[in-house]
Amino acid sequence: MSNPIRVTVWNEGRHEKTHEEIRKVYPNGMHTVIAEALNGAGFSARTATLDDDAEHGLSEKVLAETDVMTWWGHMAHRDVKDEIVERVYNRVLDGMGLIVLHSGHHSKIFRKLMGTTGNLKWRDIGERQRLWVINPAHPIVQGLPNQIVLEHEEMYGEAFDIPTPDEQVFISWYAGGTVFRSGCTWKRGLGKIFYFQPGHEAYPTYYNKEIQQVIINAANWAFTPPSPKLTVEHWKEPFEKVG
Ligand code: ZN
């Protein structure tokens with residue numbers, strides 16, 4: 001079943017190159033695993049990474065051909081050029097969907113869209129995570145059980161410095177005793193944004209079929225049909241007789 005939605009899976013891609021133990025988990029980078037899941041679901045998904053070219057694989061042409069983007073970054077947020085962040089930001093305001101994954105909470109693009117630091121508490125001891133579906137009618141959780149269990153993940157804890165989400169889809173419990181708003185949505189301009197917490201580079205999270213299903217559902221949900229831009233216009237003449 002083909003899906004006309006065009007997805008660009010963006011990944012920083014540095015851990016997979018610089019750390020042998022991460023390369024064992026994702027030999028071709030986590031972007032290829034995410035893109036394969038999306039293509040397997042019928043999407044037209046391509047990948048782009050930080051070091052692809054001078055524009056991080058995100059040329060004007062690529063963005064014009066992207067309906068939904070996924071974003072994973074961690075160790076090199078500062079290496080993402082501000083002009084590319086501005087480009088992605090403007091595409092979101094014009095209607096591109098954005099799915100921000102895991103450590104993307106500290107990316108320039110997420111912080112710019114949220115207007116907050118994205119700060120949170122964290123601990124990486126591979127503890128069990130239960131992602132509870134708290135909004136069972138939401139399109140992002142269709143076809144999923146009422147909880148997803150990951151045996152090993154990095155813990156992210158509250159308080160999470162984000163604006164109050166438009167919709168809360170998941171709340172996570174971690175074996176070490178903390179909780180986290182692990183699935184949240186917002187709208188900015190015409191664009192829909194979903195933040196999804198799982199996906200630490202040392203664990204095989206993106207091979208998990210339920211996690212893949214969340215990303216697939218989120219890509220469908222985040223699609224906005226082409227629509228007129230929100231422009232400034234001076235409507236000098238009234239549409240009805242005034243006075
Ligand atoms: Zn992490």
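Residues numbered from 1 in each chain as written. Predicted model: local features only at pLDDT ≥ 70, side-chain atom pairs only at ≥ 80, totals over all residues. Heavy atoms only, no water.

Q: Let's hear about the overall build of the protein chain: which residues, and what values?
A: The helix and strand tally for the protein chain stands at 7 helices and 9 strands. Expected size for 243 residues packed as a compact globule is a radius of gyration near 18 Å; at 18 Å, the protein chain falls within 12% of this value. Its C-alpha atoms put the protein chain at 70 × 40 × 40 Å along the principal axes. Contacts in the protein chain between residues far apart in sequence, at least 24 positions, make up 72% of those at least 6 positions apart. For the protein chain, the accessible surface area stands at approximately 11600 Å², while carbon and sulfur atoms represent 54% of it. Averaging the locations of the 26 positively and 31 negatively charged side chains of the protein chain gives two centres separated by 2 Å. (Helix = DSSP H or I, 4+ residues; strand = E, 2+ residues; numbered from the N terminus. Rg over C-alpha atoms; globule rule 2.2 N^0.38 Å. Contact = heavy atoms within 4.5 Å. Areas by Shrake-Rupley, 256 points an atom, 1.4 Å probe, with all protein chains shown as cover. Lys, Arg positive; Asp, Glu negative; His and termini not counted. Charge placed at Lys NZ, Arg CZ, Asp CG, Glu CD.)

Q: Give a detailed account of the pattern of salt bridges, specifying residues and quantitative values.
A: Going through the model one piece at a time under the given rule, you end up with 15 salt bridges. A salt bridge links Arg-87 to Glu-60; the shortest N-O distance between them is 3.5 Å. Highlighted residues: Arg-87 in helix H5 (residues 82–93) and Glu-60 in helix H4 (residues 60–64), separated in sequence by 27 residues. Here Glu-158 and Arg-181 are joined by a salt bridge, their closest N and O atoms 3.0 Å apart. With a gap of 23 residues between them, Glu-158 in the loop between strand E6 (147–157) and strand E7 (167–174) and Arg-181 in strand E8 (residues 179–188) connect regions that are remote in the sequence. Arg-181 sits in the partly exposed class, given a relative accessible area of 21%. (Salt bridge = Lys/Arg side-chain N within 4 Å of Asp/Glu carboxyl O. Buried < 20%, exposed > 50% of the residue type's maximum accessible area, 1.4 Å probe, protein only.)

Q: Please provide a residue-by-residue account of the side chain of His-105, values included.
A: Here His-105 lies in the loop between strand E4 (97–101) and helix H6 (108–114). Setting aside residues no more than four positions away along its own chain, His-105 makes contact with Val-100, Phe-110, Arg-111, Thr-117, Gly-118, Leu-120, Tyr-156, Phe-160 and Tyr-195.

Q: Just give me the short version of the sheet that holds strand E2 (residues 44–49), but keep the residues and values in it.
A: Spatial ordering of the open sheet is given by E2-E1-E3-E4-E9-E8-E7-E5-E6, a layout of 9 strands whose pairing is mixed. Taken across any chain shown, the strands that pair with only one partner, and hence form the sheet edges, are E2 and E6. Across the sheet, the mean angle separating the axes of adjacent strands is 25° when strand polarity is ignored. Examined bridge by bridge, E4 and strand E9 (residues 191–196) share 4 bridges and lie parallel to one another. Looking at E9, one finds that Leu-101 is bridged to Phe-196. Of the strands in this sheet, strand E1 (6–11), strand E3 (68–72), E4, strand E5 (121–133), E6, E7, E8 and E9 are in contact with helix H7 (residues 209–222), which crosses E9 at around 165°. (Pairing = 2+ DSSP bridges. Axes fitted to C-alpha atoms, helices over the stretch in contact; angles between N-to-C directions.)

Q: Give a description of the coordination of the zinc ion that names residues and reports values.
A: Each protein donor to the zinc ion is listed here as His-102 (NE2), Glu-154 (OE) and His-200 (ND1); together their distances run 2.0 to 2.1 Å. The sequence pattern formed by the donor residues of the zinc ion is H-x51-E-x45-H. On the criterion of sequence distance, the pair formed by Glu-154 in strand E6 and His-200 in the loop between E9 and H7 is long-range, its members being 46 residues apart. Considered together, Glu-154 and His-200 belong to a single accessibility category, that of buried residues. (Donors = N, O, S within 2.8 Å, 3.2 Å for Na, K, Ca; no water.)

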